[in-house]
Amino acid sequence: MSEHNTETDRNTRIDVSGTALVDSFPRSSLTPDSTYVDTIELPAKPADTVSTDDVLQPALADSYPYELFRHQADALEALDAGDNVTVATSTSSGKTHIYGLQIARNLLEAGVLNADGTRVSEQNDASTALCVYPMKALTNDQQESLEVLYDQLGLDIRVRTYDGDTTGDRRAIREQADVILTNFAGLNVYLEHHDKWSRFYSALDLVAIDESHTYTGIEGMNVAWILRRMQRVADYWGGDPQYVLTSATIGNPQDHSAELINAPVTVVDDDGSPHGPRDIVLWNPPPRDKTRDTTPDEGPFSSELEDDSEADSEDEFVAERVPASVDAPKVFNHLTAHDVRTLLFCPSRKLTELSIQRAEDHRRNNPRAYDRLPAVGREAYNAGLGRRTRHSREHQFKTGALTGLATTSALELGIDIGTLDATVLMGYPGQRQSFWQRIGRAGREASRSLAVLVGDHRTLDQYILTHPEYLLETDVEDAVVDTSNNAVFATHVCCACDEIALDESDIGTFADEDRLRSAVSMWREAGFVDGSLDAAVHYSGPSRPQTRVNLYGTNTTEYRLQLADDVDRERWGLPDDLDLEPVDQNRAYRDYHEGAVRLQNGQQYEVVTVDEDRPQPIIELEPVECEYYTRSRNKVNVLDADSEQSREINGFTLHFGRGTVLVHHHAYDQMYIGNSEPKQQLIPTENPPILMETQLCWVEVPEAVEKPLIRKYQDYGVETGVDSDQAGVAHLGYVAGLHAAEHATIQTAPLELRVDKNDLGGLATLVMDTHYTHPEYDDIADSIRDSFEAATHALEQRTSELSGRPSSGWFIYDGVDGGLGFARAIYDNFEALAERARDQLRDCSCGRPNGCPACTFDENCGNDNKPLLRASAIDVLNQLLGEDDLDDLSAHRSDEHGGDRRPVVFYS
């Protein structure tokens, strides 16, 4: 509890509990029995400790001021035995001290330090350590934490940060530091000059990878190759490092860590740290009355339903709710106004700024509740702020000058801001791991804490709010790292050749033989390398191939974002550098086509020019103030899918393989900001389609299930969301169910995997076989010349020629060229995903046959969320899961409709 204003605390502070929040919040209809609020009460957990003397040598044990938690002791013992270690425990469980103490042990044992902690000599050629962090702010914070630890231990250990912000004598850091802290973007570039680091790498004993669970998807595969390149450099100079990875709790820490470092690991996940009692409040905003609330992001409290008594009825269908971006700042205001030290986690920088404003609006709009309370300090915190501003606000919060910070995920990863009492989450963050890490920022040691999840009206949030037991399940999402993407691999092969010539010794250690020889052969033909693995492969291409590694993309085609030349920066208050990350081609075509309006750091920008006739394409932006945002429309098709693996699930056939995905971001809509209604629709983008070679997972529905479901839903038309003139399509009710099942399995994927659903795409179709490779046909992708219409025509032609009955079903694909490994993980976990999808479709209270954003709608749907049918999707998924059997469909068995030649329809 903060001690900065004891008198204020006594007079204004509420208990840090769910009951106190509900009882005191100024909403007449909000009671502990309200259907909008559910509270999970978690008991306190005592510490499980081990005597420091049992683990550390006297030189450390005598001065270490704490007992060791059980997991700290287990990790240090595994390191002492020579193992690589992954520590997967909760936030604030002392993971930094594990590698901090191991570094100290190494320096003492190597004779760099005397037993009293003084240096044997100024030079250290015997033991060094490399610590890698995902954020510069975290790097700086951890340098301070390590320095404090070594001051406590009385050890003269030199800890230095080396990254893009480093000023001063970089050479001195390389040649004198015992511990160097950096990030993977920096490490990737510094490996080229490893001869300047020879002293450091020759003595490298330990590599610490902090927050390792964050390295998934594209970034994870790049990090895995950077670490393999780093290991080659260490081997070259004689270093032999152990690895320590610190992670939040994930479902597969061993597999994930081993794939990152290309070596076996010992997992330590029996968390010995304590925590106090915690209340988790699941807060579902009330139904939104669009007739009154035309600007939901600005509306005061009175714009919501004034009488919630009807809405509390179990029979009430909720088509739309007040956004979490409106309700969460109100909860944040209420807690901070009562001197409860609180973090509000927001999904964007813009919303951190808006949330401070909305918290103030809520206070002003409720004078009876807050006028007698003293003013409170609240500020926004995000990576868009300057370093001085961020550090100032960290310090102000730590010292009690601020009671609340509205932050992005920047404060999720353990930057020290002192103790706090509560966290408010504006929407479910996507994974349980992230949820627990965020709420774990509050309630250190034995103090009571409060967490409030304010849900949005979307699939993941509503699933959590209607299935609160999910949060307490012991199986956490898997983190996915896949090193099979050949585009990423090939880029790192060039880098490795540039750093140290490749030869046969790299077979099996850096990559398998066939893959390595193929990559070398490709680059040799392209003129980028000389030689062969039998002797040596040297890099001979353009200088500094490391700069062409894109940590967040799978190819080197990046579009740079910049202001148009004629923009008056002073008028708009814009800096010289917008500090915007480049975007890949797919995102450029989707979000940054000419005419697109994007929000960046609180300012609207319109894309005025896209110039692709240069080595690095340029996207020019102009600041604007307009009443709309833009949303792109896309068409998707899957071509030449080739199954590499398959298995049966209750008569359904599930496949994993590769294929070509054709994506065409062909048009966009202008949508009013206030109510998300269209201003203008289907404006052409003039962009060509994009072809992606990627990984896919797909499911085929058996004929015995398909035929009765076609009959059961044969009379469904406009109920699927289509216009009346489109309602006569054959099999519409059935294929609308496949489309809804495809949406639901994609949208619930983050419940099982650490995956962003925006990295996935899908396609539901009545003619699966048409999308496959066939021995008697050439690949469609080779003949369509990037034309979506040509692809559609080729599929129609192939359907008319194929013999036999085609299967129906749906595809899920990785939305990045080369694949991400997510489709493979979905293949491995498909039953669990299907069950989550079925539950959300079944339990959603919207009451709409075609569903709503909480169950079937997807903002990325290329068919404008049409056609969709919940009941049909539930039947398909129940059959797949074996919870219904074929007898349940007996009333609908008939040859009618089932034998018809089906139309070539597919919905993305």
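Residues numbered from 1 in each chain as written. Predicted model: local features only at pLDDT ≥ 70, side-chain atom pairs only at ≥ 80, totals over all residues. Heavy atoms only, no water.

### Quick notes on unusual backbone geometry
Note the cis peptide between K866 and P867, where omega equals -15 degrees. Position of P867 relative to the elements: it lies in the loop between α26 (830-843) and α27 (870-881). The backbone phi angle of D864 is positive, close to 55 degrees, even though this residue is not glycine. Mapped onto the secondary structure, D864 falls in the loop between α26 and α27. (Helix = DSSP H or I, 4+ residues; strand = E, 2+ residues; numbered from the N terminus.)

### Brief notes about the sheet that holds strand β12 (residues 342-345)
Taken in spatial order, the seven strands make up an open sheet running β1-β11-β16-β15-β12-β14-β13, and their pairing is mixed. This sheet does not close on itself; its edge strands, each paired only once, are β1 (37-42) and β13 (378-381). Between one strand and the next, the sheet's axes are offset by a mean angle of 15 degrees, whatever the strand orientation. Contacts between helix α13 (residues 349-365) and the sheet are confined to β12, β13, β14 (404-407) and β15 (422-426), with β13 contributing the most and set at about 160 degrees to the helix. (Pairing = 2+ DSSP bridges. Axes fitted to C-alpha atoms, helices over the stretch in contact; angles between N-to-C directions. Contact = heavy atoms within 4.5 Å.)

### Focus on the pairing of β15
Across the five residues that make up β15, a large majority, five, are buried. Side chains of β15 alternate between two faces, with A422, V424 and M426 and T423 and L425 buried alike. Here β12 pairs with β15 via four bridges, running parallel. Bridging across to β15, L343 finds its partner in T423. Judged from the five bridges that link them, β15 and strand β16 (residues 449-454) form a sheet pairing that is parallel. Residue pairing in the sheet places A422 in a bridge with L450 of β16. (Buried < 20%, exposed > 50% of the residue type's maximum accessible area, 1.4 Å probe, protein only.)

### Observations concerning helix α10 (residues 217-237)
Look at α10: 31 Å from first C-alpha to last across 21 residues, which is about the 30 Å you get at 1.5 Å a residue. Burial analysis of α10 places 17 of its 21 residues in the buried class, which makes it a mostly covered element. Just beyond α10, the residue with positive phi is G238, at close to 100 degrees. (Expected span 1.5 Å × (residues − 1).)

### A short note on the sheet that holds strand β20 (residues 583-584)
The five strands are arranged β20-β19-β23-β22-β21 in an open sheet whose pairing can be described as mixed. With partners counted over all chains shown, the strands left at the sheet margins are β20 and β21 (597-600), one partner each. Looking at chain direction, strand β22 (residues 603-611) and strand β23 (residues 618-624) are connected through seven bridges and run antiparallel. Paired with V607 across the strands is L621, a residue of β23.

### Looking at the packing of α26 against α27
Between α26 and α27, the least distance of the axes is 9 Å, while the angle of their chain directions is 145 degrees. Once α26 is placed against α27, the crossing between them reads as left-handed. The residues of α27 that touch α26, namely those facing F830, E831, A834, E835, A837, R838, L841 and R842, are R870, A873, I874, L877, N878, L880 and L881. Its residues assigned to classes, the contact of α26 with α27 shows nine nonpolar, one polar and five charged. (Left-handed = near helix turned anticlockwise from the far one by under 90°. Nonpolar A, V, L, I, M, F, W, Y, C, P; charged D, E, K, R; others polar.)

### So, the environment of C852
Along the chain, C852 falls in the loop between α26 and α27. Since its relative accessible area comes to 0%, C852 is described here as buried. Sequence separation between C852 and A823 is 29 residues; the distance between their C-alpha atoms is 25 Å.

### Details of a negative patch on the surface
A cluster of like negative charges, contributed by D53, D54, D62, E67, E77, D80 and E109, occupies part of the molecular surface. As for its position among the elements, E67 is in the loop between α3 (58-61) and β3 (68-69). E67 sits in the partly exposed class, given a relative accessible area of 44%. (Patch = residues over 30% accessible without salt bridge, like charges linked within 9 Å, V, L, I, M, F, W, Y side chains within 5 Å. Areas by Shrake-Rupley, 256 points an atom, 1.4 Å probe, with all protein chains shown as cover. Salt bridge = Lys/Arg side-chain N within 4 Å of Asp/Glu carboxyl O. Lys, Arg positive; Asp, Glu negative; His and termini not counted. Charge placed at Lys NZ, Arg CZ, Asp CG, Glu CD.)

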